[in-house]
Amino acid sequence: MIRIEIARKNGYSYFYSLRFFGHCGFAKKGNDIVCAGVSALVQTAGVLLNACHESKIKQTDSENYFEIKIEKVTNNDKNKITDYCDFLLTGLFLVEKQYPDYVKIIILEE
């Protein structure tokens, strides 16, 4: 199962941390459509977020772990970052709804 932890602060329109743990296990490596869907969403959002050069965004990627941290958002990037986060979260919630045995999303509000 892929576990996704989303950390948000009250009053903010975007997350400040998004962490992925584990493997999906829906099918064999290379044939896992759930993993491929999650990966496509995350990679696309990561590229879009990294294009916000005025803000500070870090990504960590390893075999069983991926994290996006939004550390600083400028006024010029705020709307774009909000839209990119909304895109990513909408896609992830749709995947979780379709495959609840393989994807679990946990929202951490502060």
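Within each chain, residue numbers correspond to sequence positions counted from 1 in written order. The predicted origin of the model limits local features to residues at a pLDDT of at least 70 and limits the giving and counting of side-chain atom pairs to 80 or more, whereas totals for whole chains, interfaces and linings rest on all residues. The side-chain values count all of the structure's non-hydrogen atoms but skip hydrogen atoms and water molecules.

Q: Any chance you could explain the pairing of strand S3 (residues 56-62) here in plain terms?
A: Two faces, one strand: in a regular strand the side chains alternate between the faces of the sheet. Note: two strands are recorded as paired if DSSP finds a minimum of 2 bridges between them. Put simply, DSSP H or I for four residues or longer makes a helix, DSSP E for two residues or longer makes a strand, and each gets a number counted from the N terminus. Of the pairings in the sheet, the one linking S3 to strand S4 (residues 65-72) comprises 7 bridges and is antiparallel in character. Note that in S4 the partner of Gln 59 across the bridge is Ile 68. Turn length for the S3-S4 hairpin, with the two strands adjacent in sequence and antiparallel, is 2 residues.

Q: Sorry if this is basic, but what is going on with the packing of aromatic side chains here?
A: Between the rings of Phe, Tyr and Trp (Trp by its six-membered ring), a pair exists once the centres lie within 6.5 Å; its type follows the angle of the planes, with under 30 degrees stacked, over 60 edge-to-face, and the other angles tilted. Throughout the structure, instances matching the rule amount to 4 aromatic pairs. Residues Phe 20 and Phe 66 carry aromatic rings whose centres are separated by 6.1 Å and whose planes lie at 55 degrees to one another, so their mutual orientation is tilted. Taken together, the residues span a long stretch of sequence, with Phe 20 in strand S2 (residues 17-21) and Phe 66 in strand S4 at a distance of 46 residues. In terms of burial, Phe 20 and Phe 66 fall into one category: buried. Taking 5.3 Å as the distance between ring centres and 75 degrees as the angle between the ring planes, the aromatic pair formed by Phe 26 and Tyr 99 counts as edge-to-face. One end of the pair, Phe 26, is in the loop between S2 and helix H1 (33-50); the other, Tyr 99, is in the loop between helix H2 (78-98) and strand S5 (103-109), and 73 residues separate them in sequence. Think of it in three bands: residues with accessible area under 20% of the maximum for their type are buried, residues over 50% are exposed, and the middle band is partly exposed, with areas taken using a 1.4 Å probe on protein chains only.

Any link to function would need more than the numbers given here.
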